[in-house]
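Here are the chains, one letter per residue:
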Amino acid sequence: MTTSPASEDSNTYITAATKAAWTVPGLDASTPRRDIKTVGIIGAGTMGGGIAMNFATAGFPVKIVETTQEALDRGLQVVRKNYQRSADKGRFPQDEVGKRMDRLEGRLAIADLGDCDLVIEAVFENMDLKHKIFTELDKVMKPGAILATNTSALNIDEIASVTKRPEDVIGLHFFSPANVMKLLEIVRAEHTKNDVVATCMDLARKIDKIATLVGVCPGFVGNRMLFTRQKQAMKLIRKGVLPWDIDAAINAFGFKMGPFQMSDLAGLDIGWSKGATTQNPIRDALCEMDRRGQKTKAGYYDYDDARKPIPSEVTAGIIRDITGAEPVTMSQDEIIETCIFPMINEAVKILEENKAQRPSDIDVVWLNGYGWPADKGGPMFFGDMVGAKAVLARMEKLGAEDPEFAPADTLRKLAETDGKFTEIDCGGLKT
């Protein structure tokens, strides 16, 4: 894989892209904002607690709801520990810990959020559960309250459909850990009103986030592209390429974590239960052996006491047994093209479907939410570094194996005209 010199410095590009992300075409600057003084959070787990911290840190009173006192106490205790750790590192005065915690109020009933100006649901990725919660929110929330979901992939139009006020529903997709990660994907649903969008864009600034406005589709922008990388990584596994070789290539590209390192960190048992059979039999087999990632000191990798990942003969054996493939060696360049170029192609499809405002917004998402290496500017910027012809050549090969990865029409046009990914204009975001 060869890259041509970038037409402009990546740092200059990133600065301009980040600034542009705040501009919403068609949204009048004079659009009135809704007054957000109090915030409600549903769920005190990792995401809910982290989201609550953003608002408490910015001075907002926050009510946080859980189903049991035990879960509520546990969640608030984690928040306090996070604040205390930051204070001990000198990031703010010690007395600030108590001040921030005083802004958090634990509750056990969604009805207790009725007077909040904004409520954010941060529970498990289960549509039935979200339907239940939004049905109740519709009943108890005051008129004019913004109803937000932190879903990372589910259809927000479907969530909004159980309410009588879909114009008040929006996606606020925070990234884990929510109190640290800068990105906020603001997801505009079909009926979301302009003043809700404007209010949430302003709120993102107040809680020190970098916002991108995106549309409703499976996984939105960031996760939709991530899914393509994960699928290709698993296809390589089935061909006999080992997880640590794939991760090493992605690390060499500039990511701190490859797909299997990331899976081990998150926990292989997310979305899995004992005895379950999923579309990932390798993961299933690892979990059945209690190899569930770093937390059990074994997943795709073995881990020592310092959590250093070590290539595992056990995992290699499981892969061989399930796939029937003998281990093969593949160059890092080929692994990178196979995993990264489909992300670029998927980004083009996102633009074609009008689910992002502009190409540079996609780069902002990946730079701030997924650790894309800054020297490569983001997927669209990197696409211009390697050129559309190179991306098309790889996608034609992958598309021949699996129609899901067929080259986007716009990718073909770019290759024919020597066009730039960063200059694609399919009409912007439409709902």
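Everything that follows concerns the structure shown earlier in this document.
Residues numbered from 1 in each chain as written. Predicted model: local features only at pLDDT ≥ 70, side-chain atom pairs only at ≥ 80, totals over all residues. Heavy atoms only, no water.

Engineer: I would appreciate a short explanation of the sheet that holds strand β4 (residues 118-121) in the present structure.
Structural biologist: In a beta sheet, neighbouring strands are held together by backbone hydrogen bonds and run either parallel or antiparallel to one another. The eight strands are arranged β3-β2-β1-β4-β5-β6-β7-β8 in an open sheet whose pairing can be described as mixed. The open sheet terminates on both sides in strands that have one partner only, identified here as β3 (104-107) and β8 (210-215). Averaged over all pairs of adjacent strands, the angle between their axes in this sheet comes to 25 degrees, without regard to strand direction. Packed onto the sheet, helix α5 (residues 127-140) meets β1 (39-42), β4, β5 (146-149) and β6 (169-174) and runs at close to 170 degrees relative to β5. (Pairing = 2+ DSSP bridges. Helix = DSSP H or I, 4+ residues; strand = E, 2+ residues; numbered from the N terminus. Axes fitted to C-alpha atoms, helices over the stretch in contact; angles between N-to-C directions. Contact = heavy atoms within 4.5 Å.)

Engineer: Explanation requested: the packing of aromatic side chains in the structure shown.
Structural biologist: The description of two aromatic rings rests on the distance between their centres and on the angle between their planes. Tallied over the entire structure, the rule returns 16 aromatic pairs. Look at F175 and Y370: their rings are 5.3 Å apart centre to centre, the planes differ by 80 degrees, and that puts the pair in the edge-to-face class. Note that F175 is positioned in the loop between β6 and β7 (183-188) and Y370 in the loop between α14 (359-369) and α15 (379-386), a separation of 195 residues in sequence. Accessibility expressed as a relative area gives 16% for Y370, which makes it buried. Between W366 and Y370, the aromatic rings sit 4.2 Å apart at their centres with planes inclined by 20 degrees, giving stacked as the arrangement. When sorted by exposure, W366 lands in the same class as Y370, which is buried. Of the aromatic side chains, those joined through ring pairs into one cluster are F175, F253, F255, F341, W366, Y370, W372 and F382. Across from the ring centre of F92, 3.8 Å away, lies the NZ or CZ of R100, which sits over that ring. (Phe/Tyr/Trp six-rings, centres within 6.5 Å; stacked < 30°, edge-to-face > 60°. Buried < 20%, exposed > 50% of the residue type's maximum accessible area, 1.4 Å probe, protein only. Lys NZ or Arg CZ within 6 Å of the ring centre and 35° of its normal.)

Engineer: Explain the layout of surface pockets here, please?
Structural biologist: A water-sized probe rolled over the atoms picks out the places where empty space is left. The volume enclosed by the second largest pocket comes to roughly 480 Å³. Surrounding the second largest pocket, 20 residues form its lining, M53, S86, R91, N179 and V180 being those nearest its centre. The set of elements that each furnish at least two residues to the lining of the second largest pocket consists of α2 (46-57) and α3 (69-88). Among the elements that make up the lining of the second largest pocket, the one with the highest residue count is α3 (four residues). (1 Å grid on protein atoms, 1.4 Å probe; cavity = no way out; pocket = protein on both sides within 12 Å on 5 of 7 lines; lining within 4 Å. Points joined across faces, edges and corners; volume = space filled by probe spheres on them.)

Engineer: Explain the side chain of N345 to me, please; I cannot follow it from the model alone.
Structural biologist: Considering the arrangement of structural elements, one finds N345 in helix α13 (residues 332-352). With relative accessibility at 2%, the residue N345 sits in the buried group. Polar contacts involving the side chain of N345 include one to the main-chain amide nitrogen of A408, which spans 2.9 Å. (Polar contact = N/O pair within 3.5 Å; in protein donor to acceptor, adjacent residues only side chain to side chain.)

Engineer: Got a minute to help me understand the pattern of salt bridges in this structure?
Structural biologist: Oppositely charged side chains can form a pair if their charged atoms are brought close together. Taken as a whole and judged by the stated rule, the model has 32 salt bridges. With its nearest N and O atoms 2.6 Å apart, the salt bridge here joins D305 to K297. Assessed through its relative accessible area of 70%, D305 is described here as exposed. Judged by relative accessible area, K297 falls into the partly exposed class, the value being 44%. The salt bridge partner of D375 is K376, with a shortest N-O separation of 3.6 Å. Linked by salt bridges that have partners in common, R34, D168 and D195 make up one network. (Salt bridge = Lys/Arg side-chain N within 4 Å of Asp/Glu carboxyl O.)

Engineer: Just to check I follow, could you spell out the nonpolar core for this structure?
Structural biologist: Proteins that are soluble and globular tend to have nonpolar side chains buried together. Of all hydrophobic cores here, the largest spans 93 residues; its most connected members are L137, I246, I340, W366, W372, F382 and F421. Top element by residues in this core is α13. It accounts for eleven residues. Not counting residues within four places of it along the chain, the set of residues in contact with L137 comprises I42, I110, V119, L147 and R165. (Core = buried A, V, L, I, M, F, W, Y, C linked by side-chain atoms within 4.5 Å.)

Bear in mind that shape data such as this cannot, by itself, settle questions of function.
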